[in-house]
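Here is what each chain is made of, one letter per residue.
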Amino acid sequence: MIRELIPERWHVHVLLWITILIVGFPLIYAMIVSTQTNAQTLSFQMWPGDNLASNWERVMSRNLLQFMWNSTIFAVFVTIAKTILSLLAGLAFVYFRFPGKWIVFAFVLMTLLMPTEMLIIALFRLVSNLGWGDTFQAMTVPFIASATGTFLFRQHFANLPGELSEAAQIDGANPLQFLFRVLVPLSWNTIGALAVIQFVYMWNQYLWPLLIIKDERLQVVQVGLGTLRNAEGALTYGPMMLGAVVATLPPVLIFVLLQKQFMSGFAISRDK
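Residues numbered from 1 in each chain as written. Predicted model: local features only at pLDDT ≥ 70, side-chain atom pairs only at ≥ 80, totals over all residues. Heavy atoms only, no water.

Got a minute to help me understand the overall build of the chain in this structure?
Of the regular secondary structure elements, the chain holds 17 helices and zero strands. Counting only C-alpha atoms and orienting by the principal axes, one finds that the chain spans roughly 75 × 70 × 30 Å. Across the chain, the fraction of contacts at a sequence separation of at least 24, relative to all contacts at a separation of at least 6, is 73%. Working note: accessible area of the chain is about 17200 Å², and carbon and sulfur atoms make up 68% of it. Averaging the coordinates of the 16 positive side-chain charges in the chain and doing the same for the 13 negative ones gives two points 6 Å apart. (Helix = DSSP H or I, 4+ residues; strand = E, 2+ residues; numbered from the N terminus. Contact = heavy atoms within 4.5 Å. Areas by Shrake-Rupley, 256 points an atom, 1.4 Å probe, with all protein chains shown as cover. Lys, Arg positive; Asp, Glu negative; His and termini not counted. Charge placed at Lys NZ, Arg CZ, Asp CG, Glu CD.)

What exactly am I supposed to notice about the confidence of the model for the chain here?
Residues shown with low pLDDT carry predicted positions that ought not to be read at fine detail. On average, residues of the chain carry a pLDDT of 86, and 92% of them reach 70 or more. When pLDDT is averaged over each element of the chain, helix α5 (residues 64-95) comes out on top at 93 and helix α1 (residues 2-5) at the bottom at 54. Contacts from residues 268-272, a stretch scored under 50 in pLDDT, to residues over four places away or in other chains number zero contacts. (pLDDT = per-residue confidence, 0-100.)

Teacher, can you tell me more about the environment of tryptophan 208 here?
When you line up the elements, tryptophan 208 lands in helix α13 (residues 207-212). Take tryptophan 208: its relative accessible area is 1%, and that puts it in the buried class. Note: C-alpha distance between tryptophan 208 and phenylalanine 124 (84 residues apart in sequence) is 8.5 Å. Those residues in contact with tryptophan 208, other than ones at most four positions away along the chain, are Ile120, Leu123, Phe124, Val127, Ala138, Met139, Pro142 and Phe143. (Buried < 20%, exposed > 50% of the residue type's maximum accessible area, 1.4 Å probe, protein only.)

Teacher, can you tell me more about the pattern of salt bridges here?
Pairing between side chains of opposite charge can happen when their charged atoms approach one another. Counted according to the given criterion, the structure contains one salt bridge. Residues arginine 217 and aspartate 215 are paired through a salt bridge, measuring 2.9 Å at the closest nitrogen-oxygen approach. Classification of aspartate 215 by relative accessible area gives partly exposed; the value is 22%. (Salt bridge = Lys/Arg side-chain N within 4 Å of Asp/Glu carboxyl O.)

Any chance you could explain the side chain of glutamine 205 here in plain terms?
Residue position: glutamine 205 is located in the loop between α12 (188-203) and α13. Excluding anything up to four places from it in sequence, glutamine 205 contacts Phe143, Val220 and Gln222.

Explain the packing of α5 against α12 here, please?
Two quantities define a packed helix pair, namely the angle between the helix axes and the distance between the axes. Between α5 and α12, the least distance of the axes is 8 Å, while the angle of their chain directions is 140 degrees. By the criterion of interaxial angle, the relationship of α5 to α12 is oblique. For the crossing formed where α5 meets α12, the hand is right-handed. Contact with α5, carried on its side by Met68, Ser71, Thr72, Ala75, Val76, Val78, Thr79, Lys82, Thr83, Ser86 and Leu87, involves Ile191, Leu194, Ala195, Gln198, Phe199, Tyr201, Met202 and Trp203 of α12 and no other residues of that element. Its residues assigned to classes, the contact of α5 with α12 comprises 12 nonpolar, six polar and one charged. (Axes fitted to C-alpha atoms, helices over the stretch in contact; angles between N-to-C directions. Parallel < 35°, antiparallel > 145°, perpendicular 65-115°, else oblique. Left-handed = near helix turned anticlockwise from the far one by under 90°. Nonpolar A, V, L, I, M, F, W, Y, C, P; charged D, E, K, R; others polar.)

It is not clear to me how α12 should be interpreted in this structure. Could you clarify?
Residues that lie three or four places apart on an α-helix share one face, since the helix turns once every 3.6 residues. Across its 16 residues, α12 extends 22 Å between first and last C-alpha, which sits within 8% of the 22 Å expected from 1.5 Å per residue. Within the span of α12, buried status applies to Thr190, Ile191, Gly192, Ala193, Leu194, Ala195, Val196, Gln198, Phe199, Met202 and Trp203. (Expected span 1.5 Å × (residues − 1).)

I keep staring at the packing of aromatic side chains and nothing clicks. Help me out?
In this description, a pair of aromatic rings is defined by centroid distance and the angle of the planes. Under the criterion given, the structure shown has 12 aromatic pairs. Considering the side-chain rings of phenylalanine 74 and phenylalanine 136, the 5.6 Å spacing of their centres and the 40 degrees angle between planes classify their relative orientation as tilted. With phenylalanine 74 in helix α5 and phenylalanine 136 in helix α8 (residues 136-140), this pair connects stretches of sequence that are 62 residues apart. On the accessibility criterion, phenylalanine 74 (5% relative accessible area) is buried. Following the ring pairs from residue to residue traces out a cluster consisting of Phe93, Phe98, Trp102, Phe105 and Phe151. In this arrangement the basic side chain of arginine 154 is found over the ring face of phenylalanine 105, its NZ or CZ atom lying 5.0 Å from the centre. (Phe/Tyr/Trp six-rings, centres within 6.5 Å; stacked < 30°, edge-to-face > 60°. Lys NZ or Arg CZ within 6 Å of the ring centre and 35° of its normal.)

Would you mind going over the nonpolar core with me for this structure?
Looking at soluble globular proteins, one finds that nonpolar side chains tend to be buried together. Of all hydrophobic cores here, the largest spans 26 residues; its most connected members are Leu64, Met139, Trp208, Ile212 and Val221. Looking at this core, the elements with two or more residues in it are α5, α7 (116-129), α8, α12, α13, α14 (221-224) and α15 (237-247). The element best represented in this core is α5, accounting for six residues. Core analysis: the next-biggest nonpolar cluster, separate from the first, contains 13 residues, Phe153, Ala168, Phe178 and Leu183 among them. (Core = buried A, V, L, I, M, F, W, Y, C linked by side-chain atoms within 4.5 Å.)

Next comes the structure, spelled out in structure tokens:
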């Protein structure tokens, strides 16, 4: 009877639970610290404290919700713009013929090897010369083009049957009609996967907003969290951890809503 209640591969389940606890421990501990005073945190108390309400008041006094709203606006706009531009680029690289197509595609792939930090000085000078400091454009325009999205949609469209394009041409569909009436309905999983990646990427932006945005009313949440370090004139762990926990909620919500599309978008097909 007892043997029937124990899973056949019980050791795998035990290993998975141990892994989950190890990976999730930092978040669990951050949630515990977010309820504590500095004294409780420094004494390594491993159970929740009674200072949650006070920490929450300090967090709200530092305009965290405004920072989160700014990050949400920037992330949503860039995610939508990146997705549309990546769809058009993928369409061009797969279904159009033009001189130097493979050279252009190789150049796009090369940009994957160049992180934003490598270009940040030149980008800062360009944006400053355009007079975009402390503006919505400064936070969005430099991130609209996406080599990752272009590569993702190019590979996805290349794996679709070529007969779709031929049938659309016979029916008299122009390229944009083919894209939005045929390709997009077949690409929702890929679109969802890219949306998750790009939203989280923009939500976690820190260095660029720190350099280009000086107006606190336009600042993003990752920079805004730094104001919680000295909520009482000294290093305060409780408000800082509570702010960090609250700031993780939007990306987690996006991942939960698009989890199916994200997993399907990167699924590896196998012959059965």
